[in-house]
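The primary structure of each chain is shown beneath.
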Amino acid sequence: MQAEPKKSQAESEASAVTEASEASGASAVSEASKASESSAPQAVSLVGEEYEVEIGPVAHGGHCIARTDAGQVLFVRHTLPGERVVARVTDGEEGARFLRADAVRVLEASKDRVEAPCPYAGPGRCGGCDWQHAKPGAQRRLKGEVIAEQLQRLAGLTPEEAGWDGTVMPAEGDKLPAGQVPQWRTRVQYAVDADGNAGLRRHRSHEVEPIEHCMIAAPGVSELGIEDRDWSGMASVDAIAATGSQDRMVILEPRPGARLPLVELDRPVSVMRVEEHDGGIHRVHGRAFVRERADGRTYRVGSGGFWQVHPQAADTLVKAVMQGLMPRKGEMALDLYCGVGLFAGALADRLGEKGAVLGIESGKRAVEDARHNLAAFDRVRIEQGKVESILPRTGITEVDLIVLDPPRAGAGKKTVEHLSSLGARRIAYVACDPAALARDLGYFRDGGYRVRTLRAFDLFPMTHHVECVAVLEPAAKGA
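Report on the accompanying structure. (Residues numbered from 1 in each chain as written. Predicted model: local features only at pLDDT ≥ 70, side-chain atom pairs only at ≥ 80, totals over all residues. Heavy atoms only, no water.)

**What to know about the pattern of salt bridges**
Think of it this way: side chains of opposite charge can pair up when their charged atoms draw near. Under the counting rule described, the total for this entry stands at 28 salt bridges. In this structure, arginine 187 engages glutamate 292 in a salt bridge whose closest nitrogen and oxygen atoms are separated by 3.7 Å. Of this pair, arginine 187 sits in strand β8 (residues 187-192) while glutamate 292 sits in strand β15 (residues 289-294); the two residues are 105 residues apart in sequence, bridging distant segments of the chain. Pair check on accessibility: arginine 187 and glutamate 292 agree, each one buried. Between glutamate 331 and arginine 425 there is a salt bridge, and its shortest N-O distance comes to 2.7 Å. Taken together, the residues span a long stretch of sequence, with glutamate 331 in the loop between α5 (313-325) and β17 (332-336) and arginine 425 in the loop between α9 (413-420) and β21 (426-431) at a distance of 94 residues. For arginine 425, a relative accessible area of 15% puts it in the buried group. Members of the salt-bridge network, linked through shared partners, are Arg125, Arg202, Glu207 and Glu209. (Salt bridge = Lys/Arg side-chain N within 4 Å of Asp/Glu carboxyl O. Helix = DSSP H or I, 4+ residues; strand = E, 2+ residues; numbered from the N terminus. Buried < 20%, exposed > 50% of the residue type's maximum accessible area, 1.4 Å probe, protein only.)

**Quick notes on unusual backbone geometry**
Here aspartate 295, not a glycine, exhibits a phi torsion of approximately 55°, which is positive. If you trace the backbone, aspartate 295 turns up in the loop between β15 and β16 (297-302). For aspartate 295, a relative accessible area of 24% puts it in the partly exposed group. Phi at methionine 326 is positive, roughly 50°, even though this residue is not glycine.

**Focus on helix α6 (residues 342-351)**
Here α6 lies mainly inside the structure; 8 of its 10 residues are buried. Here α6 has its buried residues at Leu342, Phe343, Ala344, Gly345, Ala346, Leu347, Ala348 and Leu351. Just past α6, the residue glycine 352 takes up positive phi, approximately 80°.

**So, the pairing of β15**
Across the two faces of β15 the burial differs, with Val290, Glu292 and Ala294 buried and Phe289, Arg291 and Arg293 not buried at all. For β15 and β16, the ladder comprises 6 bridges, and the chain directions are antiparallel. Paired with arginine 291 across the bridge in β16 is arginine 300. Adjacent in sequence and paired antiparallel, β15 and β16 are bridged by 2 residues, among which aspartate 295 carries a positive phi angle near 55°. (Pairing = 2+ DSSP bridges.)

**Digging into the packing of aromatic side chains**
For the coordinates displayed, the defined rule picks out 4 aromatic pairs. For the ring pair phenylalanine 75 and phenylalanine 98, a centre distance of 4.6 Å and an interplane angle of 10° mean the geometry is stacked. A residue pair is termed long-range when its members are at least 10 positions apart, and phenylalanine 75 in strand β4 (residues 73-77) and phenylalanine 98 in strand β6 (residues 98-108) qualify at 23 residues. Of the two residues examined, phenylalanine 75 and phenylalanine 98, each falls in the buried class. A centroid spacing of 6.3 Å and a plane angle of 75° characterise the contact between phenylalanine 444 and tyrosine 449, whose relative ring orientation is edge-to-face. By relative accessible area, which is 5% here, tyrosine 449 ends up buried. Sitting over the face of the ring of tryptophan 231, arginine 229 holds its NZ or CZ atom 4.4 Å from the ring centroid. Seen from the ring of phenylalanine 289, arginine 300 lies directly overhead, with NZ or CZ sitting 5.5 Å from the centre. (Phe/Tyr/Trp six-rings, centres within 6.5 Å; stacked < 30°, edge-to-face > 60°. Lys NZ or Arg CZ within 6 Å of the ring centre and 35° of its normal.)

Coordinates in, geometry out; function isn't part of it.
Set out below in structure tokens:
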């Protein structure tokens, strides 16, 4: 590895906080660690302590970086770079590597700050949105800064080296007047409190924030009226509103021993149930799937199956992937982590009768849906299992094109090494986490691939999440 260049204080703080964030994960601590800590003196909790701080750069995860006078790192939510705020600690103790905090008073505001349009946003409230207090353009700039920092730190790439102009593009229709919020979330998981009220989880908490309306919920979700009825006995209610049809679905998770209620909502809806004994999802009445549409094709998506949440996301990503790969008739392609077959279908359409596509997906129901969705293509095959297990068994030693859309954790070193050995002329990597993407791009570089282009899309407005499409090619070609 090459030595890293000297970093500015802001870059060092960004790296420190990102490393700490990744190390902390969901604050999971191993049982061994718990056991060893049980005999150690109890550290003093700092929860509730307040610090007046200058806010530094944005960090991956929906917060910004600050430091106490003692030099302890703070992850501060509800603030923006350059502000001066009073930060109240929400998690952490003396001697900890970092503390989590909320900005409870803004002393000097950023020019990018706005009054949060959502009444449930703010310290201690709903945890669904991270940037309600930032102008839409500022949200996209912050996401771009996070992507750039991850690329540099984890892959050693500048935006120019990644073929990226540094912008995060809004989805079509998401540029709205001030005070208006894109209604993009076609799938909303409501938690239910002890009184039967539907709401959303507070940040890093199991506590429920009851709500009357979620501003980012798509109209098809809002029209169901989930928030208006009593859900006593339920632990959660998932609402799904397909964008490719009028299909609506709710998935109910009862509390142990509770009976399923009679579901009477404001629109016709299919009802599914999460079974207590196995966690499986079973049909109560109506269709066990919704119909989505993208790239001119209709896709069946079974209950609990993955489909992009933003109404424009599927078409936006297919277009970016196909533009990057430039498929040719008769080529052989892989679609890894293929879900219900979105990219496999787009590839099959473009590769023609002599082309072939192999999709690999671990979810049993998703594989069933993918096979149904792509049954018209004789030269498309879908295999069930984990990519790292199935791909070596196929005996494939050479392909022309690869699409991979892995879960948030990324593909990982072993899988990337295998893909790099197949000699694909182009690879499209679709990523919902810039840190995992950057790590894997570093592995691809070690395997002889370079990033040709990278595009970023704001398909999760008001949150810290961002979607990227990186297109790679053999490094020798770009030399």
